[in-house]
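Geometric and topological summary
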Amino acid sequence: MMKKIMKHPYSQFILLGLVLLTLPYLAEAGAIRNSTVTVIGTTIIYTIAALGLNVLLGFSGLISLGTAGFMGLAAYISAYVTETMALPFELAVLAAIVIPTLLGILVGILSLKFEGIYLGIATLVVAEIFREIFINVTSFTGGATGALAGRPELFGTFRLDRIQTYYLIVVVMVLIFILIHNLTKGHLGRALNAMRGSEAAAQAMGVNIFKYRLIAFGIATVLASVSGVLYVHYVGLSYPTTWNLMLSLDFLAIIVVGGFRSIFGTFIGSFIIFAMSELFLKPIPALANITPLVKGILIIIFILYYPNGLANIKHQVSHWLARRKGKRDAFGQTKTEKKNLTRAEVRENDTV
């Protein structure tokens with residue numbers, strides 16, 4: 001019974017969340033460093049943003065290079081509402097999600113005019129416009145000095161500290177995992193997959209391309225906005241140089257390495273692309289400057305040899321072991337199975 005429960009995605013998401021919640025206790029016990037907890041918290045934030053891109057690209061087949069721009073916009077809006085306007089954190093979250101999402105849906109409307117790489121270029125242009133705004137509109141963003149933001153203050157009375165903010169990030173991640181799992185396993189997921197395969201065929205089957213493009217861009221922008229809000233209140237500041245093309249490419253690398261259409265794969269890819277470099281490469285001066293090179297090599301390796309990402313390696317390994325154990329051919333049949341099949345065909349022909 002327990003084994004059956006643990007196979008359910010909800011149980012797996014909650015178990016992952018519980019494991020992540022133990023990290024601050026390990027840091028207090030001296031088993032890991034406090035900086036490691038901060039890196040993992042930031043990795044979770046990037047996982048949320050990359051999951052939105054995975055919905056857009058993995059399920060819908062629509063490319064976007066503007067994730068970092070929308071994430072940065074949400075971060076600046078939340079910082080401005082809470083610090084400059086001195087309004088409640090909940091209102092800041094609402095504004096930081098609604099405004100970028102409306103802009104993301106507008107990009108979705110414009111995306112009907114673009115396909116493939118041209119859509120990627122169009123979203124990149126939008127992100128670059130945002131970045132110029134972040135640099136030049138100093139009254140809103142603070143310019144090159146960046147914008148400061150405090151820890152979340154819930155309901156105007158309870159201000160979270162660093163560890164409690166980390167707990168909030170983990171809880172939000174688990175809830176988003178459950179929500180995206182429900183959405184992609186239902187009618188929405190089937191419609192997006194049909195659209196990814198062939199928009200003409202999907203339209204012939206009754207899929208409203210315009211509607212589902214807007215939904216895909218809306219989901220991606222909402223998740224990017226949520227991650228932007230969490231980032232600015234967890235890290236405490238937002239610089240214009242943070243929200244650049246390299247970050248958007250990192251999100252793309254996350255889903256390539258982790259696996260398209262995989263929630264757990266997105267988390268694994270985020271851990272490898274971001275956490276591994278922060279924990280193991282950047283602390284070593286000789287390796288700090290080759291981090292982009294390592295990421296590029298990983299993308300090439302996975303595109304060539306593991307196009308389905310790390311999330312599907314388990315299935316590939318189990319299939320390979322089954323072939324080795326039973327000496328199966330490329331169609332998954334053993335010699336005995338093929339021999340029995342041949343005999344059955346002979347008997348069928350004799351009967352005829």
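Keep in mind that this is a model prediction, so the values were computed, not measured.

Counting secondary structure elements, the chain contains 18 helices and four strands. Taking all 352 residues of the chain together, the buried fraction comes to 43%. Across the chain, the fraction of contacts at a sequence separation of at least 24, relative to all contacts at a separation of at least 6, is 74%. Surface accessibility of the chain: about 18,300 Å² in total, with carbon and sulfur atoms responsible for 67%.

To continue, consider the packing of aromatic side chains. Per the stated rule, a full pass over the model turns up twelve aromatic pairs. Taking 4.7 Å as the distance between ring centres and 40° as the angle between the ring planes, the aromatic pair formed by Tyr76 and Phe134 counts as tilted. Here the residue Tyr76 occupies a position in helix α5 (residues 67-84), and Phe134 occupies one in helix α7 (residues 117-136), the gap between them amounting to 58 residues. Of the two residues, Tyr76 and Phe134, neither departs from the other in class, the shared state being buried. Seen in terms of ring centroids, Tyr76 and Phe140 are 6.3 Å apart; in terms of plane orientation they differ by 50°. Their pairing is tilted. Taken together, the residues Tyr76 in helix α5 and Phe140 in helix α8 (residues 138-141) connect sequence positions 64 residues apart. Here Phe140 falls in the partly exposed class, since its relative accessible area comes to 22%. A network of ring pairs unites the aromatic residues Phe70, Tyr76, Tyr80, Phe130, Phe134 and Phe140 as a single cluster.

All right, on to the confidence of the model for the chain then. With 87% of its residues at a pLDDT of at least 70, the chain reaches an overall mean of 85. Per-element averaging of pLDDT across the chain places helix α18 (residues 335-351) at the bottom with 50 and helix α9 (residues 162-184) at the top with 95. pLDDT under 50 marks residues 345-352. Its contacts with residues more than four places away, or in other chains, come to zero contacts.

Taken as a whole, the second largest pocket encloses approximately 320 Å³ of empty space. Along the walls of the second largest pocket sit 15 residues, with Asp250, Phe274, Glu278, Lys282 and Lys295 positioned nearest its centre. Those elements that provide at least two residues to the lining of the second largest pocket are α4 (34-59), α13 (245-258), α14 (263-281) and α16 (291-305). Of the residues that constitute the lining of the second largest pocket, the class distribution is six nonpolar, five polar and four charged.

Turning our attention to unusual backbone geometry. The phi angle at Ala86 is positive, at roughly 55°, despite the residue not being glycine. Following the sequence through the fold, Ala86 ends up in the loop between α5 and α6 (89-110). Phi at Arg261 is positive, roughly 60°, even though this residue is not glycine. Relative to the helices and strands, Arg261 is located in the loop between α13 and α14.

A few words now on the packing of α13 against α14. Taken N-terminus to C-terminus, the directions of α13 and α14 make an angle of 120°; their axes are 7 Å apart at the nearest point. In terms of their interaxial angle, α13 and α14 are classed as oblique. Taken as a pair, α13 and α14 cross one another with a handedness that is right-handed. Listed contacts from α14 to Asp250, Ala253, Ile254, Val257 and Gly258 of α13 are Gly265, Thr266, Gly269, Ser270, Ile272 and Ile273. By residue class, the composition of the contact of α13 with α14 is five nonpolar, five polar and one charged.

Its 20 residues give α7 an end-to-end C-alpha distance of 29 Å, which sits within 8% of 28 Å, the value for a rise of 1.5 Å per residue. Next to the buried residues of α7 lie α5, α6, α8 and α12 (209-235).

Right, let's get into the side chain of Thr42. When you line up the elements, Thr42 lands in helix α4. In this structure Thr42 comes out as buried when scored by relative accessible area, which is 7%. Excluding residues within four positions of it along the chain, Thr42 makes contact with Tyr231, Tyr234 and Phe274.

Our focus in this paragraph is the side chain of Thr266. Here Thr266 is to be found in helix α14. Excluding residues within four positions of it along the chain, Thr266 makes contact with Thr47, Ala50, Leu51, Asn54 and Ile254.

Position of Ser277 among the secondary structure elements: in helix α14. The class of Ser277 is buried, set by a relative accessible area of 4%. Those residues in contact with Ser277 that sit more than four places away from it in its chain are Ile272, Lys282, Pro283, Thr291 and Lys295. Within the structure, Ser277 has its side chain in polar contact with the backbone oxygen of Ile273 (distance 3.1 Å). From its side chain, Ser277 meets the backbone oxygen of Phe274 in a polar contact 2.8 Å long.

Basis of the calculations
- Each residue is numbered by its place in its chain's sequence as written, counting from 1.
- Residue-level local features of this predicted model are given only where pLDDT is at least 70; pairs of side-chain atoms are given and counted only at 80 or more, and the full residue set underlies all totals for whole chains, interfaces and linings.
- Remark: hydrogens and water are excluded; side-chain values derive from all non-hydrogen atoms of the structure.
- By the criteria applied, helices consist of DSSP H or I runs no shorter than four residues and strands consist of E runs no shorter than two, each listed in order from the N terminus.
- Three labels apply to residues, based on accessible area from a 1.4 Å probe with only protein chains included: buried if under 20% of the type maximum, exposed if over 50%, partly exposed otherwise in between.
- Here, two residues are considered to be in contact whenever any of their heavy atoms come within 4.5 Å of each other.
- In these tables, accessible area is a Shrake-Rupley quantity obtained with a 1.4 Å probe, and a residue counts as shielded only by the protein chains included in the view.
- Centres within 6.5 Å make a pair out of two Phe, Tyr or Trp rings, where for Trp the six-membered ring is used; the pair is then stacked when the planes are under 30 degrees apart, edge-to-face when over 60, and tilted otherwise.
- On a scale of 0 to 100, pLDDT captures the predictor's confidence in every residue.
- The pocket and cavity definitions rest on a 1 Å grid over protein atoms only: a 1.4 Å probe that fits but cannot leave marks a cavity, an open set with protein on both sides within 12 Å along at least five of seven lines marks a pocket, and residues lining either have an atom within 4 Å of a point.
- Grid points are joined across faces, edges and corners, and a volume is the space filled by probe spheres set on the points.
- In this classification, Asp, Glu, Lys and Arg are treated as charged, Ala, Val, Leu, Ile, Met, Phe, Trp, Tyr, Cys and Pro as nonpolar, and every other residue, Gly included, as polar.
- To get an axis, fit a line to the C-alpha atoms, keeping to the stretch in contact for a helix; angles then go from 0 to 180 degrees between the N-to-C directions.
- Angle categories are assigned with fixed cut-offs, so that under 35 degrees is roughly parallel, over 145 is roughly antiparallel, 65 to 115 is roughly perpendicular, and the rest are oblique.
- Left-handed is the label given to a crossing in which the near helix is rotated counterclockwise from the far helix by less than a right angle, and right-handed is the label when the rotation is clockwise.
- Multiply 1.5 Å by the residue count of a helix minus one, and that product is the helix's expected span.
- In protein, a polar contact requires one atom able to donate a hydrogen and another able to accept it; more generally it is a pair of N or O atoms within 3.5 Å, and residues adjacent in sequence count only if both atoms are side-chain atoms.

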